[in-house]
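Coordinates in review
Okay, here's what each chain looks like letter by letter:
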Amino acid sequence: MRGLNINLPRECEVASWFGGDWNFYDSAGKPLFSFDSVISLNFQGEGSVSTYPREGGGEVAYNKVTDPESLVVTLAKGGRAVNTSDLVDKLTRLKEGSELVTVSTPRVTYTNMSITGFSYAESPDIGSRFRCTLNLMKVREVTALYEGALPLSSVKSLLDTS
C-alpha cells in the first residue's frame, strides 16, 4: 500500500502543533472575534539593569526594571473581504481605544494586553484566506497609594502671611 501525500496549508500544521484553546476576550470575558487558525505567536519579555560609573573606575549595577511584555500574533480567517471588514473595523477600534484584552493560549493566558497595532494581507497566493498580525503590549495598571499624607486642614496656604 502506498502512502497518500496531502499538502496541508501551513496554518493547519502550525495550529496542530499548538493545539488547545486560543481566543481573545474583552474585559467582560466575551470572545472579541473569531478566526480559523493561529499562524504564530511571538512573545517578548525583557528587562534592564541600570549601570553607572563609579569613582576610581568600574561600574555599579542595580535597580532591575522589567519592561512590559509584548506579543505578536498572526491569525488566519477564511472568507471574502465582505466577511472580514467587521474584523478590521473591530481591530481598528481596539487599536485606537484603551480597552484591554485577554489572550488565551493553551499554555499561558496574557491579561491586560492592549492592541497597539495590526496589519493584514489578502492576496491571490493565500487564496481566500485573510491573514492578520496583531501587536499587543501589556498594560500595568497601578493605583496611587498615599501614606502619611497630611490632612488638608493642617497644610498652610502659600498665600497665608501670618
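As shown above, the structure is provided for reference.
Let me begin by describing the structure that accompanies this report. (Residues numbered from 1 in each chain as written. Predicted model: local features only at pLDDT ≥ 70, side-chain atom pairs only at ≥ 80, totals over all residues. Heavy atoms only, no water.)

Quick notes on the packing of aromatic side chains
Counted by the stated rule, this structure contains seven aromatic pairs. For the ring pair Y52 and Y62, a centre distance of 5.7 Å and an interplane angle of 35° mean the geometry is tilted. Here Y52 is found in strand β3 (residues 47–53), whereas its partner Y62 is found in strand β4 (residues 59–66), with 10 residues between them in sequence. Its relative accessible area of 39% is what places Y62 among the partly exposed residues. By the ring-pair criterion, three or more aromatic residues cluster together here, those being F24, F33 and F35. (Phe/Tyr/Trp six-rings, centres within 6.5 Å; stacked < 30°, edge-to-face > 60°. Helix = DSSP H or I, 4+ residues; strand = E, 2+ residues; numbered from the N terminus. Buried < 20%, exposed > 50% of the residue type's maximum accessible area, 1.4 Å probe, protein only.)

A few points about the environment of D26
Note on placement: D26 falls in the loop between β1 (23–25) and β2 (37–44). Exposure remark for D26: the relative accessible area of 17% places this residue in the buried category. Each C-alpha atom, one on D26 and one on V101, is 4.9 Å from the other, the two residues being 75 residues apart in sequence. Among residues more than four places away in sequence, those in contact with D26 are L32, E99 and L100. Only 2.8 Å separates the side chain of D26 from the backbone nitrogen of K30, close enough to count as a polar contact. (Contact = heavy atoms within 4.5 Å. Polar contact = N/O pair within 3.5 Å; in protein donor to acceptor, adjacent residues only side chain to side chain.)

Here's the deal with the nonpolar core
Counting 24 residues, the largest nonpolar core has F24, F33, L71, L75, L91, L134 and L136 as the members making the most contacts within it. At the level of elements, β2, β5 (70–78), α2 (81–96), β6 (101–104), β7 (109–121) and β8 (129–138) are the ones that each hand at least two residues to this core. The residues touching F33, leaving out its near neighbours within four places in the chain, are N23, F24, L75, L87, K90, L91, L94 and L134. (Core = buried A, V, L, I, M, F, W, Y, C linked by side-chain atoms within 4.5 Å.)

Quick word on the pairing of β5
Of all nine residues that make up β5, seven are buried, and the element is covered over most of its length. Here β2 pairs with β5 via seven bridges, running antiparallel. Paired with S37 across the strands is A76, a residue of β5. The pairing of β5 with β8 spans nine bridges and is classified as antiparallel. Its bridge partner lying in β8, A76 is registered against R131. (Pairing = 2+ DSSP bridges.)

Side note on empty space enclosed by the protein
Applying the stated rule across the entire model yields one cavity of 30 Å³ or more. What the largest cavity holds in volume is close to 30 Å³. Contributing to the lining of the largest cavity are F33, S34, F35, L75, A76, K77, L87, F130 and C132. Counting only elements with at least two residues in the lining of the largest cavity, the list comes to β5 and β8. For the lining of the largest cavity, the element with the most residues is β5, which contributes three residues. Split by residue class, the lining of the largest cavity holds seven nonpolar, one polar and one charged. (1 Å grid on protein atoms, 1.4 Å probe; cavity = no way out; pocket = protein on both sides within 12 Å on 5 of 7 lines; lining within 4 Å. Points joined across faces, edges and corners; volume = space filled by probe spheres on them. Nonpolar A, V, L, I, M, F, W, Y, C, P; charged D, E, K, R; others polar.)

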